[in-house]
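Understanding the architecture of this molecule
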Amino acid sequence: MRPDDGAPAAAAEGPGEGLEVALFVTCLVNVMRPQIAESAIDLLEAAGCHVVVPLEQTCCGQPALNAGDAEDAKAMARHQIAVLEPFAHVVVPSGSCTATIAHDYVALFADDPVWGPRARALASRIHEVLSFLVDVLGFTPPPVRLPATATYHDTCSGLRELGIRAQPRQLLKSVEGLELVPLPDADVCCGFGGTFCIKYPAIADAVVTEKTAAIRSTGADILLGGDLGCLMNMAGKLKRQGSTVRTYHTVEVLAGRGALPGLGEER
Amino acid sequence: MAQASEIVPGFDRRTAEALANRQLKIAIDRTAGTARAKRAAIVGEWPDFAVARAHGKAIKDHVVAHLGHYLAEFERNAVASGAVVHFARTADEAATIVVGICEAAGAKRVTRSKSMLGEEIGLPHALEAAGIERTETDLAEHIVQLAGERPSHIIWPAMHKTREEIHELFKAGHAAPDLGETPVEMAASARRILREKFHAADVGISGANFLIADSGSVAVVTNEGNAELTTTLPPVHIVTAGIEKLVPSAGHALQMLRLLVRSATGAAMTQYTTFHTGPKRAGDADGPREFHIVLVDNGRTRMLAEEGGLRDMLRCIRCGACMNHCPVFNQIGGHAYGGTYPGPMGAVLTPALDGLSMQTRDLAHACTLNGRCREVCPVDIPLPTLLRGWRTKSWREGLEPVTMRSGLSLWRSLATHPLAYRLGVAAASLALRLMAGRSRRIRRLPLVGGAWTRHRDMPAPSGSTFLNSAAARARAPGRGKGEIR
Amino acid sequence: MSEARDTIFAAIRGALGSLADTPADEIRREAARLLETPERVRPILPEGTAVELFVAAVKRLPPGASVERVLDISAVPAAVAAHLQRLGISGLARIQPVAPLAGLDWHSAGISVTETVDEGVAVTFVETGIAETASLVVRSGPASAILDSILPLHHVAVLPASGIVRHLDEAFSPADLKAGRNVMIVTGPSGTTDIEGNLVIGVHGPRTLHVVIVG
């Protein structure tokens, strides 16, 4: 229950212990699937954190960065740094956007005497959400029930740039009845690659076709991952193939939303 | 006149052809898939492989940082051992030197063991233009020569060919209409045909895996032993090597070899690893009378100048692990890249060697930046960073499409004006929801979105945007998630 | 061509800037430091003597590689004859004219000595073996042609047990490279996987490599 004046609730119990964290929702989550942000907030609050949503947030600039457009990327980066740096912790439900802010911003401003230090400071305080819950908070989510089999795709940026692999699997242990089956070649790219799948659609299709074959071969009911772009790519292909596999972001299942419609599903 | 690696225009056309080729995919899966599995197995047996890898990187960084010192030391020691050392600034210059040595020796026939540098400098074409018969002796290069094609992989040049295709080539090329179809029979036929060529060659041309500075030696590795036959039988041995192949000593080379062989083929050691130091000596039982080493720049000093950028690419020891693990290479194969070198290392090198242009810019963009290449690189080259570097250069040189430039310009305006951003993306969200209707999925998007929906559905947004709902709550506090600030 | 040489060296100097002024001594010290702790960058070898490890490593080589051990060099001809019999080929072989092999009684073992090595059998003497990779270190010389190990279809290598070192990095010293034209590390028979990744042995070098460890 929150007082009407918008003041934070009394410090809750839990590893988060009233820790204030800002949520950077990311463009895709904002537009395509807000329940990922809501689930992330649920989990952070259950851990005792006080979650703030800075309204001025926009895009981390990854599309410009990946297109080679350094100037536009810097403009977006400066905006985001200014919006996020007042907070002691920033949490992001996406490995790729976290990596952009934590690593690419630092490289972008390496020679900038003003923005370099600010980028480096923010880099040390920004976390992907699953990693934050496990590595920083040591949090065990309250148990929820979802009797189903699921398979996990390790998104490339989360895996290789942030070392996220064990954390989601550990968190998912708190989901009663959920059986995780390993995805063959889980660490092979799904073919999303940001604008890659738009610029080189035929190649991207060949890659995601192999990925969905691997997913279907597991016989799992559910596909999970930590990056919405990749999940949209795989879910979109699965649906086009007529598959009944349901796709969610990991935080949705952890927050008890695993029985709601998955990506691209009707109510 | 020699022609340096010719870039074949039309990346899209080449990838379309490759993607339509089912046999190519089967061939790629067999070769690259086996390579991945074997590499994983042997690296898995070495718990501290990461230490060896970091050390290999340190050795190469040390050499690159002192390239002039080592090049001079190599030259001194090679000359002292009786080798003739030549320098070539460009691909054409290198090919001209090689042809010149052949002509001075009166050579009519040469044998070659595999050398990607030889491909890079256009040696096959140069020898042909000079009327010198060239026989490729590496089995895969022999296959590729019979097919009139270029290599499609730096370790398995003929990986794009199925057994049936090779059978047809050998039946014709070996004049053996009754040739059996098994790999054993085909290889035996090649052994027979090529054995004559080995003995008849006037000149043998090889590459170099390592140039050993403190002895002036050249290290060449093969599994077939064809390099020894190529370089020992004829009276003249010519080595073509990029200047980045230097290492301080054989001890350093042996440490690099442990990384190279595991990364390339998943074995602990190549079958033949030969260090050549000068020509035949008085009293030697065999060996070439003349030993020439052609040291080639061809853009490497330009890469050297880019500290923190392309200089890192000079660490490359040509193992091929990056392409074996690349999801794009595994779909399109090597020829689609259009240059001498394919895969991630090729995407970095091709614009460096052949210039950044409309033809070469695609290579850096046709990449998901997934980073697996960097993970398996035995010398930790930041390939995704270097590929992004080419994208940045390409942008600065105005090679990127106008639609992309104006699109990103617009996006930047929105992303630096929060209210406009929220309204703009909310409008997009509404449009997508209307397009999806009740089905929650969009099967066809207009304009650039069509590239997505050609192959997959687009899930509809699940409701109004998160930030719009948040903004509404900020204006009228009530139930909702998080504090809006 | 000295113009090309000058241009390249100048380009290197320009590219490296102040790095190009590093004193040679410092460079050599750094290079030596990189070789200082070879044990850190070696794969783990199981327990055992160098000979035991060599024998075990031969078993991991592609088919066509084999190994046996004899106590004394005088037993070599009989061992070679038995090996050729197992292969089902005649007892005609080129014996490398090196001291340890030259004085042996090949005739009594039923082996006829020939000069021809191409596509035949060659018996060579190897001073050094490497346990880590089951490799032989072959050095060119007046009586040891490199091609003795490459041209035959079947190669037998006689290797003293005392010559087996444990690690690849112990294979030879810098002086070895300058002492002869070729140092060649041979690991198993020749082979290729160029046809659809299928391993085929005996292209273009030997199809079999049999190592007779002596002592």
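Quick notes on the rules
Starting afresh in each chain, residues are numbered from 1 along the sequence in its written order. All chains are assigned letters beginning at A, and all ligands numbers beginning at 1, according to the order in which they are written. For this predicted model, a pLDDT threshold of at least 70 governs which residues receive local features, and a threshold of 80 or more governs which side-chain atom pairs are given and counted, while totals over whole chains, interfaces and linings are taken from all residues. The basis for every side-chain value is the complete set of non-hydrogen atoms in the structure, without hydrogens or water. In this text, helices come from DSSP runs of H or I with a minimum length of four residues, and strands from runs of E with a minimum of two, each type numbered from the N-terminal end. Throughout, exposure labels follow a simple rule: accessible area from a 1.4 Å probe, protein chains only, divided by the maximum for the residue type, with under 20% read as buried, over 50% as exposed, and the rest as partly exposed. For every accessible area listed, the method is Shrake-Rupley and the probe measures 1.4 Å; residues are considered covered only by the protein chains on display. We count Lys and Arg on the positive side and Asp and Glu on the negative side, and we leave His and both chain ends out. We put the charge of a Lys on NZ, of an Arg on CZ, of an Asp on CG and of a Glu on CD. A helix's residues, less one, multiplied by 1.5 Å, set its expected span. Here, residues are in contact when the closest pair of their heavy atoms is within 4.5 Å. Identification of polar contacts relies on pairs of N or O atoms within 3.5 Å, with a donor-acceptor requirement for protein atoms, meaning one able to donate a hydrogen and the other able to accept it, and with residues adjacent in sequence counted only if both atoms are side-chain atoms. What pLDDT expresses is the predictor's confidence in each residue, scored from 0 to 100. Strands are treated as partners if at least two bridges between them are detected by DSSP. Interaxial angles span 0 to 180 degrees and are taken between N-to-C directions of axes, which are lines fitted to C-alpha atoms, for helices over the stretch in contact. Residue ranges for the domains originate in an automatic or database domain assignment. Throughout, the accessible surface (probe 1.4 Å) given up by two parts as they are put together, summed over both, is called the buried area. We define a salt bridge as a side-chain nitrogen of Lys or Arg found within 4 Å of a carboxyl oxygen belonging to Asp or Glu. Buried residues of nine kinds, namely Ala, Val, Leu, Ile, Met, Phe, Trp, Tyr and Cys, make up a nonpolar core once their side-chain atoms join them within 4.5 Å. Residues are grouped as follows: Ala, Val, Leu, Ile, Met, Phe, Trp, Tyr, Cys and Pro are nonpolar; Asp, Glu, Lys and Arg are charged; all remaining types, including Gly, are polar. Of the grid points, spaced at 1 Å and generated over the protein atoms alone, those admitting a 1.4 Å probe that cannot get out make up cavities, while open sets with protein on both sides within 12 Å along at least five of seven lines make up pockets; any residue with an atom within 4 Å of a point is treated as lining. Grid points are joined across faces, edges and corners, and a volume is the space filled by probe spheres set on the points. Each Phe, Tyr or Trp ring, with Trp reduced to its six-membered ring, pairs with another whose centre is within 6.5 Å; inter-plane angles below 30 degrees give stacked pairs, above 60 give edge-to-face pairs, and intermediate values give tilted ones. Comment: the charge-over-ring label is applied if NZ (Lys) or CZ (Arg) is within 6 Å of the ring centre and within 35 degrees of the ring normal.

Now for the overall build of chain B. Secondary structure summary: chain B contains 23 helices and 13 strands in total. If you line up chain B on its principal axes, its C-alpha atoms span 95 × 55 × 45 Å. With 485 residues in all, chain B has 65% of them scored as buried. If you sum the accessible surface of chain B, you get close to 16700 Å²; carbon and sulfur atoms cover 54% of it. Computed over 60 positive and 47 negative side-chain charges, the inter-centroid distance for chain B is 13 Å.

What follows deals with helix 4 (residues 76–87) of chain C. Residues and elements named next belong to chain C. Helix length check: helix 4 (12 residues) gives 17 Å between terminal C-alpha atoms against 16 Å at 1.5 Å per residue, within 8%. When helix 4 is considered as a whole, its buried residues turn out to be Val-76, Pro-77, Ala-79, Val-80, Ala-81, His-83 and Leu-84. Those residues of helix 4 hidden inside the fold are in contact with strand 1 (65–70), strand 4 (121–125), strand 7 (154–160) and strand 12 (208–214). In the stretch just after helix 4, Gly-88 is the one whose phi turns positive, near 75 degrees.

With that settled, consider the environment of Glu-75 of chain B. Along the chain, the position of Glu-75 of chain B falls in helix 4 (residues 67–80). Distance from Glu-75 of chain B to Thr-416 of chain B, taken between C-alpha atoms, is 57 Å for residues 341 residues apart in sequence. Among the polar contacts made by the side chain of Glu-75 of chain B, one reaches the side chain of Arg-5 of chain C at a distance of 2.6 Å.

Now for the confidence of the model for chain B. Per-residue pLDDT for chain B has a mean of 94; in total, 97% of the residues score no lower than 70. Note on residues 1–7 of chain B: pLDDT under 50 across the span, and 31 contacts to partners over four residues away in sequence or across chains.

So, on to the sheet that holds strand 3 (residues 89–92) of chain A. A sheet is described by the order of its strands in space; here 5 strands give the open sequence 4(A)-3(A)-1(A)-2(A)-13(B), paired in parallel fashion. Of all the strands in the sheet, the pair left with one neighbour each is strand 4 (126–128) of chain A together with strand 13 (483–484) of chain B. Both strand 1 (residues 20–23) of chain A and strand 2 (residues 50–53) of chain A contribute to a ladder of 3 bridges, which runs parallel. By the bridge assignment, Val-21 of chain A is partnered in strand 2 of chain A with Val-51 of chain A. Packing of helix 5 (residues 95–108) of chain A onto the sheet brings it into contact with strand 3 and strand 4 of chain A, and relative to strand 4 of chain A it is tilted by some 160 degrees.

Residue and element names in this part refer to chain A. Entries for chain A in the domain assignment read domain 1 (20–134) and domain 2 (142–254). Computed over C-alpha atoms, the centres of domain 1 and domain 2 are 22 Å apart. Surface buried jointly by domain 1 and domain 2 totals about 2000 Å² across both partners, of which 73% is contributed by carbon and sulfur atoms. Together, Ile-36, Leu-130 and Val-134 form the three largest contributors to the area buried by domain 1 at its contact with domain 2, with a combined 27%. At the junction of domain 1 and domain 2, the tally comes to 1 salt bridge. For Arg-33, the salt bridge is made with Glu-252, and the minimal N-O distance between the two is 2.8 Å. Our count for the domain 1 to domain 2 interface comes out at 6 residue pairs in polar contact (both at pLDDT 80 or more).

What follows is about the nonpolar core. The biggest cluster of nonpolar side chains holds 245 residues, and the ones touching the most others in it are Phe-275 and Met-313 of chain B together with Phe-172 of chain C. Here the element with the most residues in this core is helix 12 (residues 250–265) of chain B; it accounts for 9 residues. Excluding its chain neighbours within four sequence positions, the residues that come into contact with Phe-275 of chain B are Ile-212, Val-218, Ala-219, Ala-250, Ala-253 and Leu-254 of chain B together with Phe-172, Leu-177, Arg-181, Asn-182, Val-183 and Ile-185 of chain C.

Turning next to the pairing of strand 9 (residues 272–276) of chain B. The buried fraction of strand 9 of chain B amounts to 5 of the 5 residues, a majority that puts the element mostly inside the structure. In strand 9 of chain B, alternate side chains face the same way, and those of Tyr-272, Thr-274 and His-276 of chain B on one face and Thr-273 and Phe-275 of chain B on the other are all buried. Relative to strand 9 of chain B, strand 6 (residues 217–222) of chain B runs antiparallel, the two sharing 5 bridges. Opposite Thr-222 of chain B, over in strand 9 of chain B, you have Tyr-272 of chain B as the bridge partner. Strand direction decides the pairing type here: strand 9 of chain B and strand 9 (residues 182–186) of chain C, joined by 5 bridges, are antiparallel. Of the residues in strand 9 of chain C, the one forming a bridge with Thr-274 of chain B is Met-184 of chain C.

Looking now at the interface of chain B and chain A. Counting residues at the interface gives 72 residues for chain B, matched by 75 residues for chain A. Summed over both sides, the interface of chain B with chain A buries roughly 6200 Å², with 60% coming from carbon and sulfur. For the salt bridge of Glu-20 of chain A with Arg-485 of chain B, the shortest nitrogen-to-oxygen distance reads 2.7 Å. Linking chain B with chain A are 31 residue pairs in polar contact (both at pLDDT 80 or more), by the criterion used here. In the side of chain B that touches chain A, the residues fall into 32 nonpolar, 19 polar and 21 charged. Where strand 2 of chain A lies against strand 13 of chain B, 2 bridges are found, and the strand directions are parallel. Among the inter-strand pairings, Val-52 of chain A is bridged to a residue of strand 13 of chain B, identified as Glu-483 of chain B.

Now for empty space enclosed by the protein. All names here are of chain B. Using the criterion set out here, one finds 7 cavities of 30 Å³ or more in the structure. By volume, the largest cavity is sized at about 140 Å³. Along the walls of the largest cavity sit 19 residues, with Cys-326, Pro-344, Cys-367, Cys-373 and Leu-387 positioned nearest its centre. When contributions to the lining of the largest cavity are tallied by element, the ones reaching two or more residues are helix 16 (343–354), helix 18 (372–376) and helix 19 (383–396). Tallying contributions element by element places helix 16 first for the lining of the largest cavity, with 3 residues. A per-class count over the lining of the largest cavity returns 13 nonpolar, 5 polar and 1 charged. Put simply, the second largest cavity is a space of about 90 Å³. Grouping the amino acids of the lining of the second largest cavity by side-chain chemistry returns 12 nonpolar, 1 polar and 1 charged.

Domain assignment breaks chain B into domain 1 (11–302), domain 2 (319–396) and domain 3 (414–475). On a C-alpha basis, the centres of domain 2 of chain B and domain 3 of chain B stand 33 Å from each other.

Residues and elements named next belong to chain A. Overall, parallel pairing links the 4 strands, which are arranged 6-5-7-8 in an open sheet. The open sheet has two free edges, formed respectively by strand 6 (175–181) and strand 8 (246–249), since each of these has just one partner strand. Within this sheet the neighbouring strands show an average axis-to-axis angle of 35 degrees, counted without direction.

Contacts between the two partners involve 94 residues from chain B, matched on the other side by 74 residues from chain C. When chain B packs against chain C, the two sides together hide about 7200 Å² of surface, and 61% of this comes from carbon and sulfur. At the boundary of chain B and chain C, one finds 10 salt bridges. Viewed at the interface, chain C and chain B are joined by 46 residue pairs in polar contact (both at pLDDT 80 or more). It is helix 10 (residues 183–200) of chain B that contributes the most residues to the side of chain B that touches chain C, 10 residues altogether. Here the side of chain B that touches chain C is built from residues that sort into 44 nonpolar, 29 polar and 21 charged.

Further remarks concern the packing of aromatic side chains. In the structure shown here, the tally under the stated rule is 9 aromatic pairs over all chains. Arranged with centres 5.8 Å apart and planes meeting at 90 degrees, the rings of Tyr-200 of chain A and Phe-11 of chain B form a pair that is edge-to-face. Of this pair, Tyr-200 of chain A sits in the loop between helix 10 (196–199) and helix 11 (201–217) while Phe-11 of chain B is found in helix 1 (residues 11–19), placing the two residues in two different chains. Overall, Tyr-200 of chain A belongs to the buried group, its relative accessible area being 5%. Plain terms: the ring middles of Phe-329 of chain B and Tyr-337 of chain B are 6.2 Å apart, the flat faces sit at 35 degrees to each other, and that makes the pair tilted. Here the two residues Phe-329 of chain B and Tyr-337 of chain B agree in accessibility, since each one is buried. Connected via pairs of aromatic rings, a cluster forms that spans Phe-196 and Tyr-200 of chain A together with Phe-11 of chain B. Between the NZ or CZ atom of Arg-318 of chain B and the centre of the ring of Tyr-341 of chain B, over which it lies, the distance is 4.9 Å.

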